[in-house]
Amino acid sequence: MNTNDLPREAAPIPFTLDGRAVEAAPGETLLTAAERAGVVLPRLCASDGLRPAGNCRACVVEIEGERVLAPSCCRAPTAGMVVRSDTPRAANARRTVLELLVADAPTSAELKHDSELAHWARVSGARDGHFALRQVVGEDHSHPAMTVNRDACIQCTRCIRACRETQGNDVLGLAFRGGHAQIVFDQNDPMGASTCVACGECVQACPTGAIAPANGAFAQASLKQVDSVCPFCGVGCQLRYHVDQNDRIAHVEGIDGPANEGRLCVKGRFGFDYAHSPERLTRPLIRRADAPKDPTAIERRDWKELFREASWDEALDAAAAAAGFRAALTATAARGRASPVAGFGSAKGTNEEAYLFQKLVRTAFGTHNVDHCTRLCHASSVAALMEGLGSAVVSNPLRDVAHADLVLLIGANPAQNHPVGATWIKNAVRAGTRLVLADPRRTELARHAWRYLGFAPGSDVALLNAMLQVIVSEGLTDPAYVAAHTRDFDTIKAHVAAFTPEAMAPVCGIEPEVIREVARAFATAKSAMILWGMGVSQHAHGTENARALIALSLITGQIGRPGTGLHPLRGQNNVQGASDAGLIPMVLPDYARVGDVAARERAEALWHLAPGTLGTEPGLTVVEIIDAAYRGDITAMLIQGENPAMSDPDATHAREALAGLGHLVVQDIFLTETAALADVVLPATAWPEKTGSVTNTDRCVQLGRKAVGSPGEARADAWITEQLAVRLGLGWGYGIAADGSGSGDGAQGIGAVYEEMRALMPSISGLSWPRLWREGAVTYPVRDEQDPGQPVVFTDGFPMPEGRARLVPAALVPPAEEPDAQYPLVLITGRQLEHWHTGSMTRRSQVLDAIEPSPVVSLHPATAERLGLRAGALARVSSRRGAIALPVRIDDGMPPDTAFIPFAYAEAAANLLTNPALDPLGKIAELKYCAVDVRPAAAEVASA
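The rules we used
Residues numbered from 1 in each chain as written. Predicted model: local features only at pLDDT ≥ 70, side-chain atom pairs only at ≥ 80, totals over all residues. Heavy atoms only, no water. Buried < 20%, exposed > 50% of the residue type's maximum accessible area, 1.4 Å probe, protein only. Helix = DSSP H or I, 4+ residues; strand = E, 2+ residues; numbered from the N terminus. Arc of directions from axis to C-beta. Contact = heavy atoms within 4.5 Å. Phe/Tyr/Trp six-rings, centres within 6.5 Å; stacked < 30°, edge-to-face > 60°. Salt bridge = Lys/Arg side-chain N within 4 Å of Asp/Glu carboxyl O. 1 Å grid on protein atoms, 1.4 Å probe; cavity = no way out; pocket = protein on both sides within 12 Å on 5 of 7 lines; lining within 4 Å. Points joined across faces, edges and corners; volume = space filled by probe spheres on them. Nonpolar A, V, L, I, M, F, W, Y, C, P; charged D, E, K, R; others polar.

A. Inspection of helix α8 (residues 312-320) at higher detail. Of all the residues in α8, the buried ones are Trp312, Ala315, Leu316, Ala319 and Ala320. Mapping the buried residues of α8 onto a view down its axis gives an arc of 115 degrees, with all of them on the same face. Here the buried face of α8 lies against β14 (285-287), α9 (325-330), β27 (663-668), β28 (680-683) and α26 (717-727).

See the structure below:
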């Protein structure tokens, strides 16, 4: 290799600053170079991570040979430049600027205790009252989360740059002219009426408190600050809790985590108050003898109507002893899938909690009947990835979109479900990446897309197979990669031959030439990445969808490099970690099959079980467990932090099954719809009240730290699980703290649980608890203590025979239930920006519920008009399984004859309608497609 072809590190730039010889790094500004050299200059419009603007002039310096002073924040030094920051002219100019700004924003110190303007005014000796105050502009209190006080605004434009360039939301701007100029939302709308999505990036960027939390939290310093991880979606943003004198979270800021670099969304920044809800459970509860279980009356019940308070000893004994799980187990000798006991764990807790939960079910109840919400999220994706690649992990981190020439985003709405992840996509597009958005709904990212493919609901495979046909028939595959790293290419080639764009266009609704254009662009891109969500996975043919995506990546060699690969976007904050920890009925930790003799023997030895104790047959999955409970085959269940009464398809059936159980124990922080059907309810700790690890959608293991105390007698889930294990005769002795606290000691408490889990997980073998405690975030696989972690995997093959991935044809399977004359519309369900999962947390956040307080059914304008419905009108939506009534929202991004309903609202639970038909391999329900009838609710009344 010619050494001249190797990249060279650019040389530092020598210049003189205040008479000293200093050096600047290439691309560095005078301001940052000066700060590194120990010369402090005011910075107001300048902020790390934002493009320099140079409009406040608070950081001006003199440059030899130049007539005017230069803003140091947007000037780069050149070799030999002579700069003076300490001249009277420069110092006087900076002080005068600050005096003018203080006159413009006299209230900044009152609104923000650490106002940057007030700080720099003090440092520079700026005189208060030297200039006349600006005329009062006024305040805007129209938004539940944020307050705008333009009297504190210095028009530094940090908020505008944060909104447009960081978050990519394009809401804030500068309007009017001269002395009348001001920051505005959209067309000078009130913030609450604007298109603002309340990410709060402007709040974090504002130096004066002109935009601040509506609760006034910026006015006083916090008592303590604790760094942790966001408890909502799978992006895994790191944040800092600011805790007040009352041991309550006052506000939250984003910090420089690997997934977010300080960014947050509305839930992460303003949704923390759920932890302080008056509805929190604070004492153990036992069902009253005079309160029978009623599956038709479970929404937001007062616990006093159904339960009596109990001590922890009484409640734990009732849960585990003769009247509880022991009774169920002694009633039958059945084990394995036939065991009468099952458990639903949680993807909202820690890795350690998930690990302990699956261990408890397997060792105490003698069954693999343990599952969690991944069964209703990405089970089909996992099944296809395990089948094709030998691993279900994402190949590349989400932020790798910055290295991609083209991104295919299909069946996902990151702007609503992974908002910070969406910002990285928008940033990449701004930098030149081409985005292809494929989704039946025209969602927010469509305006950023190079091509939008609005395919017919349920026709994913038709579209993807047509793309594969184009790539194969036109010779656009990567033959060398296919030959070296895959097998069964000839099978795929033969299978897709009939799926021409012309043949598939009538099925998927995309013109043949558009299919060809996108297929060619994907195949010929230097790097192309595929992101998908539950719009791909939550189908009876979800595994087929994922198989097609895997084939698309493999035959073009778009995997194993930065900016390429396969990334199923994980929905909940720890769905990746809970799956890794073995909270799945067919695998042990790290996806070791329960039928693998060596894997079972390792677990049995570590768990001090007799050889052969763990069964070889996979357990029942979520929907199968509910069906078994309905039949009476499952008679007792332990549920930790999950809400199947809301999340399961055909929720009426699920609620009846849960109500029919002889014994149901629920650990949760609220009396959820599921907890309302329990025999024993054990009050758990919320995320900010405990310490433990979580794993985000990028495979990054991160540490969440306890920030506040828990209310009343609420106890950590891990402690509850350990206490149940002791009462069930397992003799555990981790010494887990009841209050959820932890330390860096891997020999006891939650650290000991992690270390035991790590012993069964080669993927994190090099990540010890002390290292995680010290570093806070490491991406697996991580082989040893010196390994920094591997963000990109499959770089040299796959964990399959001969290292080759398997290409599996994707069959064109129709949805399990098609529209007909009785139910003529298609229903799509999903999440929305302000609410998450079943709403058990977000709907108890005052801020989030105030922004989006009511359920709606979204319809295309033409569909609504045909049905005689207008915006706000009450509609009745019915399926073969149930009916709900809710207001109409008009959305021209919806496809015709399709309805969308978020599933977070108990008063109009979308899953009362959905179809429990399962994907045969992934055992995931078809939550994204069922046939419904929509009509004015008044019509039902009139015809009654």
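What follows continues from the structure just given.
B. Geometry of the packing of aromatic side chains. As enumerated under the stated definition, the model contains 9 aromatic pairs in all. A ring pair is formed by Trp769 and Trp773, whose centres lie 6.1 Å apart and whose planes are at 45 degrees; its orientation type is tilted. Taken as a pair, Trp769 and Trp773 lie in helix α28 (residues 769-775) at a separation of 4 residues, close to a single helical turn. What makes Trp769 buried here is its relative accessible area of 0%. On the basis of relative accessibility, which here comes to 28%, the residue Trp773 falls in the partly exposed class.

C. Here's a closer look at the pattern of salt bridges. The tally for this structure, following the rule as stated, stands at 53 salt bridges. Here Asp313 and Arg727 are joined by a salt bridge, their closest N and O atoms 3.0 Å apart. With Asp313 in helix α8 and Arg727 in helix α26, this pair connects stretches of sequence that are 414 residues apart. Of the charged contacts, one joins Asp371 and Arg375 as a salt bridge, the two residues approaching to 2.7 Å between their closest N and O atoms. The pair Asp371 / Arg375 is uniform in exposure class, with both members buried. It is possible to trace a salt-bridge network through shared partners that takes in Glu817, Asp820, Arg880 and Arg881.

D. Molecular detail of empty space enclosed by the protein. A complete count under the given rule lists 12 cavities of 30 Å³ or more for this structure. Taken as a whole, the largest cavity holds about 470 Å³ of empty space. Around the largest cavity, the lining is made up of 34 residues, and of these Met534, Gly535, Gln538, Thr829 and Lys928 lie nearest the centre. Per-class residue counts for the lining of the largest cavity are 14 nonpolar, 14 polar and 6 charged. Here the second largest cavity defines a volume of roughly 230 Å³. As for the second largest cavity, its lining consists of 21 residues, and the residues nearest its centre are Lys348, Gly641, Ile669, Thr685 and Asp717. Grouping the constituent residues of the lining of the second largest cavity by class yields 6 nonpolar, 9 polar and 6 charged.

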